[in-house]
Protein chains: 2
Amino acid sequence: MSGDDSAGELAAKDAASGAAGPVAAAAAPGTMKWYGWGAEGQEFDPAGRPGVWSYAQAHLGITEHLPRNVPVAAERIALPDPVANAPFLRAVTEILGAASCSQSAVDRLVHAYGKSTRDLWRMRHGQVTFAPDCVLFPESEEQILRIIAAASLHDVVIVPFGGGSNVAGCLEIPQRDGRMVATINLRRFNRVLGIDKVSGTARIQAGILGPDLERALAAEGLTLGHFPDSFPYSTLGGWIATRSSGMLSDSYGNIEDMVLALRMLAPSGLIETREVPHASNGPDAKRLCFGSEGTLGIITEVTLNVRRAPQKREFRGYLFPSFAAGIEAMRTCVHAGVAPALSRLNDPDRTQLSAAFRRKTGWAETALGHAFKSYLRRVRRFDLAQGCLLIAAFEGDPDAIAWRRRRAEAVYQRNGGIGLGRSPGEAFAEGKFDFPHIRDFLMDYHVLADVGETATVWSNMLPLYRAGVAAYREALGRGGRRHWVGCHISHSYAAGASAYFTFAFACNRGPSGEVDPWAELEHYSAAKRAGLDCFSKHGATLSHHHAVGYEHLPWLAGESPMPGGSVVAAVKSTLDPTGIMNPGKLIPERSLARLAG
Amino acid sequence: MSGDDSAGELAAKDAASGAAGPVAAAAAPGTMKWYGWGAEGQEFDPAGRPGVWSYAQAHLGITEHLPRNVPVAAERIALPDPVANAPFLRAVTEILGAASCSQSAVDRLVHAYGKSTRDLWRMRHGQVTFAPDCVLFPESEEQILRIIAAASLHDVVIVPFGGGSNVAGCLEIPQRDGRMVATINLRRFNRVLGIDKVSGTARIQAGILGPDLERALAAEGLTLGHFPDSFPYSTLGGWIATRSSGMLSDSYGNIEDMVLALRMLAPSGLIETREVPHASNGPDAKRLCFGSEGTLGIITEVTLNVRRAPQKREFRGYLFPSFAAGIEAMRTCVHAGVAPALSRLNDPDRTQLSAAFRRKTGWAETALGHAFKSYLRRVRRFDLAQGCLLIAAFEGDPDAIAWRRRRAEAVYQRNGGIGLGRSPGEAFAEGKFDFPHIRDFLMDYHVLADVGETATVWSNMLPLYRAGVAAYREALGRGGRRHWVGCHISHSYAAGASAYFTFAFACNRGPSGEVDPWAELEHYSAAKRAGLDCFSKHGATLSHHHAVGYEHLPWLAGESPMPGGSVVAAVKSTLDPTGIMNPGKLIPERSLARLAG
């Protein structure tokens, strides 16, 4: 992958000079490349993972010797002509100073899309049909309030921007009605304002990135414990706006459970909630901010519940004879109150994929591994093709870990689970934040890959899983395309869990090996729709933690029946009466029509 | 207390004949007396509690020989003239049948007020300034939808009624603008519709009373685990409408944490949420129903997270050398993840009260008790006047109880806590649902008593506690009245807990011993206001779990600053566009003005 595009150069320059400013900001720490997941220079490297290529060849028919599908250079991308609202630009220049109001091509490009597969594929092929007209970098609430007031006055659209890591089309404005679009980048809202160690709370600005937040807390021996896959590149405000869930949610809860109070600036004023752990004071206005996806206002400050960092966190692997047995073990642990801090159960295909992606040979490949497999087959009568890897994390002090592990392992054993020790767990923990890079790596070889994630109750988990795999397979295989589907279950709750499907297909090629990127994107979209239709039909949700954006909006009306949908529209009409905040999101068309009529 | 009033007679008749119907319904199981807390015949009995009278005499100057302040008989109460909206009455008679539409005096009386101290005092003195004009007993959602449609058409106010146990003035309509008021009693929505043991969920109609719900679950080995003080007399729908909290909330969560999905019928249609454990599908409409206090619609069906009933639940008592030491122990247990299922810490006065209310002499009074006290004073250097009783409950299987108890007790010990064994804990568990009856018992002796409850973060707990006690004392003592104030801390969260003040004062008497009930009610109200002003000033909330009603409404605007308040108004204007649902609640005047303007 080329490192000499303009954004890359700026990143290098910025890192060298430490210069701040709107243009260099494109490559500020935690900022992702415009054309892919992760920071410049961060990419998936198959070297040292001996199983990758044979697995990719066997399942998708690709080899490392194929010609690569390299992203077009930034300078070859034609951005849409900017819409310039001169009075607004004058106003924001006065509010922020010219250095914090960027109309540069690189800033417009970096803030154009999120990181959905659709976004990355279009970007890679140079198709950028939307970009904001300017990018603003405020550093105070007062500046934001003044920007919003100017936008209201001059009818300019505002798009709040955290880390830009969303995968549901949350940034793009499908219908701007001729208005100028200003993105507000919240990077400068990254300070820890106060820590109350007695209450275990921390007041933090919402634009802070995951690593900066955890670093500041770690200095006090504390942790938030929120580790979504996007952690290195996503912000606190973004987590709240999308109802984010981290890998340790079974123990720490989702972001909604971590927020004690918040401040959100809306066009009609400030929402500020009190720092109380529970209240019976009417419907909780704070709850409306969770999942608001930038449509109601800009979250600026958050008081979080934080915890003493655990003495120890221990990842372990277990192998179950079937997906059903593993699900039953997870469910039983939750209902018995002995669930680990993380439980993540791979289906057989996802288990094989994990083995193929391991850095070095381990239990599955070594001589010991062979003996172990033989024992599993002969003594335990395991069908290894059906084996399912469960990754569990235990944390706390040694006594707490020992107690919980003993109780959980008793449940695993009753369900046929076999301990694999720490090595598979550590491989997972180490590779956790690498996994999202694989999508770009596969695109290099004309493979489109994505995930579809949902949640349902335990009793519906296996039917949903089977239907989901079948739906993806049917859609992916059309036109004879080679494809792969796997699933894992994670984020356990009393009533159910999340099901997370991963899928990929190798693009069809013409007679001389050429790929039609738009036909393949449509093939991808059909598979994505098949998954969402299946979730909806089976009573599950359009997303467990990836948000709605515009990509999932068609399924929202089906699960927020009127007047549920119109309630959000009513809130929006109060907080954002002129409709300038990230329009075209969350509100199904008929709701808007109803309000208008 | 007289048992021969009309409601009592009807209760007896109803129990004997099993007859159903709108009038007998006034005394259906779980229905409270109109003039006090609890069912007819249930009252506080000081017999067998040797410490009660000496404590009451010492602190409030009352003796059992004083003339009693008996509630007036029902037939002497003049209800306000009913407003009759003939077209509406014709419509509901057609929908429900005449037998399920009551305009009887007893039904109007029983559904007039809730159970706040202000309600009971006014009722006891025959002052009933509000009563609904009819009481309806629907049994299907379709009937409710048709009633609401008729009410919308004919401009009739609807008041949803669960158990009638609210203590914040949630039922009374302060300003009806000449409209007829129809109360919808949800008693007939009391069925368990389905239990999914795999997912640990139960779909239940919202009018079910606590004991009926737990009985149905217990038959399947399950429990909801929600035990508010009102448990025998309150309903599932009422818990949701008020954001209720039960005594085991530290382990089971508050009602919001127990609801997986719900159905609410609003004038503009049905809100129905999906049975998924978490979703990233925009703001959660379900959350708007929590705390809606009947202002948005009628909750009819709820899918609850239920659990396997614990093998064992064990209540224990511990004595701490100070309130501060006990608070520190509670906080440390929560932050270390070893909190019991219940922790309830009494301040010194509340500790003395608990001792005075024990059924028989125990650790505090026996010879062993004397020796123990002497040990505490001499060896442990306890100041017994400062001793604070902590009640803790541990539950689960014996292994889980032993592990948690060992960890919690290590924390208690480090904070100077001393185990008192099971006796104080069992006394608490046994007397738990008796305690609310004491208010009526005290009113019999011209003592006005109430509670004021709030929540705050741990670091603010002691300052709030001290300020709260001082505020109540100052207000209660005016005019030389004898008074009593105590507090307990319960409902622990990561960030803080609830502070629950209990207070009482003996009414002033004129030269010939007469009491002016309205002057004393105003004295009571001043004390209540002093508490709420103090909570507000100290950053706490107007209520942790008792709702807003009209009694706490003046403090709502202060903690839901605009546009937080107007957001709820916007939701109401969408769900209840003609303003018929329990008007005058939740929406601060200025919000309504803003919407109108």
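Everything that follows concerns the structure shown earlier in this document.
Since the structure is predicted, the reported quantities are computational estimates derived from the model, not experimental observations. (Residues numbered from 1 in each chain as written. Chains lettered and ligands numbered in written order. Predicted model: local features only at pLDDT ≥ 70, side-chain atom pairs only at ≥ 80, totals over all residues. Heavy atoms only, no water.)

Further remarks concern the pattern of salt bridges. Following the criterion strictly, the structure yields 63 salt bridges over all chains and no others. Asp284 of chain A is the partner of Arg243 of chain B in a salt bridge, and the nearest nitrogen-oxygen pair spans 3.9 Å. In this pair, Arg243 of chain B is assigned in the loop between α8 (236–242) and α9 (249–252) and Asp284 of chain A in the loop between β9 (269–272) and α11 (285–289), connecting two distinct chains. Considered together, Arg243 of chain B and Asp284 of chain A belong to a single accessibility category, that of buried residues. Here Arg481 of chain B makes a salt bridge to Glu520 of chain B, at a shortest N to O gap of 2.8 Å. One end of the pair, Arg481 of chain B, is in the loop between α18 (461–476) and β17 (483–490); the other, Glu520 of chain B, is in helix α19 (residues 517–537), and 39 residues separate them in sequence. Glu520 of chain B matches Arg481 of chain B in its accessibility class, with the two residues each being buried. Three or more residues are tied together by salt bridges with common partners; here these are Lys312, Glu314, Arg316, Arg405, Glu409 and Arg422 of chain A. (Salt bridge = Lys/Arg side-chain N within 4 Å of Asp/Glu carboxyl O. Helix = DSSP H or I, 4+ residues; strand = E, 2+ residues; numbered from the N terminus. Buried < 20%, exposed > 50% of the residue type's maximum accessible area, 1.4 Å probe, protein only.)

Further remarks concern the packing of aromatic side chains. Applying the stated criterion across every chain yields a total of 33 aromatic pairs over all chains. Judged by centre distance (6.1 Å) and plane angle (55°), the rings of Phe315 of chain A and Phe428 of chain A are tilted. Taken together, the residues span a long stretch of sequence, with Phe315 of chain A in strand β12 (residues 312–320) and Phe428 of chain A in helix α16 (residues 423–431) at a distance of 113 residues. Accessibility classification places Phe315 of chain A together with Phe428 of chain A in one group, the buried group. One aromatic cluster is present, built from ring pairs that chain together Phe44, Trp53, Phe357, Phe441 and Tyr445 of chain A. In this structure, Arg122 of chain A packs its charged tip against the face of Tyr113 of chain A, placed 3.9 Å from the ring centre. Stacked on the ring of Tyr252 of chain B, the Lys or Arg Arg307 of chain B has its end atom at 4.1 Å from the ring centre. (Phe/Tyr/Trp six-rings, centres within 6.5 Å; stacked < 30°, edge-to-face > 60°. Lys NZ or Arg CZ within 6 Å of the ring centre and 35° of its normal.)

Across the boundary between the two partners, chain B contributes 81 residues, which contact 81 residues of chain A. For the pair chain B and chain A, the summed buried area comes to about 6,200 Å², and 55% of that belongs to carbon and sulfur atoms. Put simply, chain B and chain A have eight salt bridges between them. Arg407 of chain A is the partner of Asp399 of chain B in a salt bridge, and the nearest nitrogen-oxygen pair spans 2.8 Å. Here chain B and chain A share 44 residue pairs in polar contact (both at pLDDT 80 or more) between them. Split into classes, the residues belonging to the side of chain B that touches chain A amount to 35 nonpolar, 29 polar and 17 charged. (Contact = heavy atoms within 4.5 Å. Buried area = accessible area lost by both parts, 1.4 Å probe. Polar contact = N/O pair within 3.5 Å; in protein donor to acceptor, adjacent residues only side chain to side chain. Nonpolar A, V, L, I, M, F, W, Y, C, P; charged D, E, K, R; others polar.)

Our next topic: the packing of helix α12 (residues 323–335) of chain B against α18 of chain B. All names here are of chain B. In contact at an axis separation of 11 Å, α12 and α18 are set at 140° when each is read in the N-to-C sense. By the angle class used here, α12 and α18 are oblique. Where α12 crosses over α18, the handedness of that crossing is right-handed. The residues of α18 that touch α12, namely those facing Phe323, Ala324 and Ile327, are Met461, Leu462 and Tyr465. Looking at the contact of α12 with α18 residue by residue, the classes come out as six nonpolar, no polar and no charged. (Axes fitted to C-alpha atoms, helices over the stretch in contact; angles between N-to-C directions. Parallel < 35°, antiparallel > 145°, perpendicular 65-115°, else oblique. Left-handed = near helix turned anticlockwise from the far one by under 90°.)

Let's shift gears to the side chain of Arg124 of chain A. Residues and elements named next belong to chain A. Of note, Arg124 is situated in helix α5 (residues 117–124). Owing to a relative accessible area of 1%, Arg124 belongs among the buried residues under this scheme. At a separation of 2.6 Å, a polar atom in the side chain of Arg124 contacts the main-chain carbonyl oxygen of Asn69. A distance of 2.7 Å separates the side chain of Arg124 from the side chain of Asp444, its partner in a polar contact. The contacts of Arg124, once residues within four sequence positions are left out, are Asn69, Val70, Pro71, Val72, Asp440, Met443 and Asp444.

The next subject is the sheet that holds strand β6 (residues 201–205) of chain A. All names here are of chain A. Strand order in the open sheet formed by five strands is β5-β6-β10-β8-β9, and the pairing between neighbours is antiparallel. Two strands lie at the open edges of the sheet, namely β5 (192–196) and β9, each paired on one side alone. This sheet shows a mean twist of 10° between the axes of neighbouring strands, independent of strand direction. Relative to strand β10 (residues 298–305), strand β8 (residues 259–266) is paired through six bridges, and the arrangement is antiparallel. Its bridge partner lying in β10, Ala261 is registered against Thr303. (Pairing = 2+ DSSP bridges.)

Residues and elements named next belong to chain B. Assignment of secondary structure puts Glu409 in helix α15 (residues 398–414). Residues Glu409 and His538 lie 129 residues apart in sequence; the distance between their C-alpha atoms is 32 Å. Leaving out residues up to four positions away in the same chain, Glu409 has contacts with Arg316 and Tyr318.

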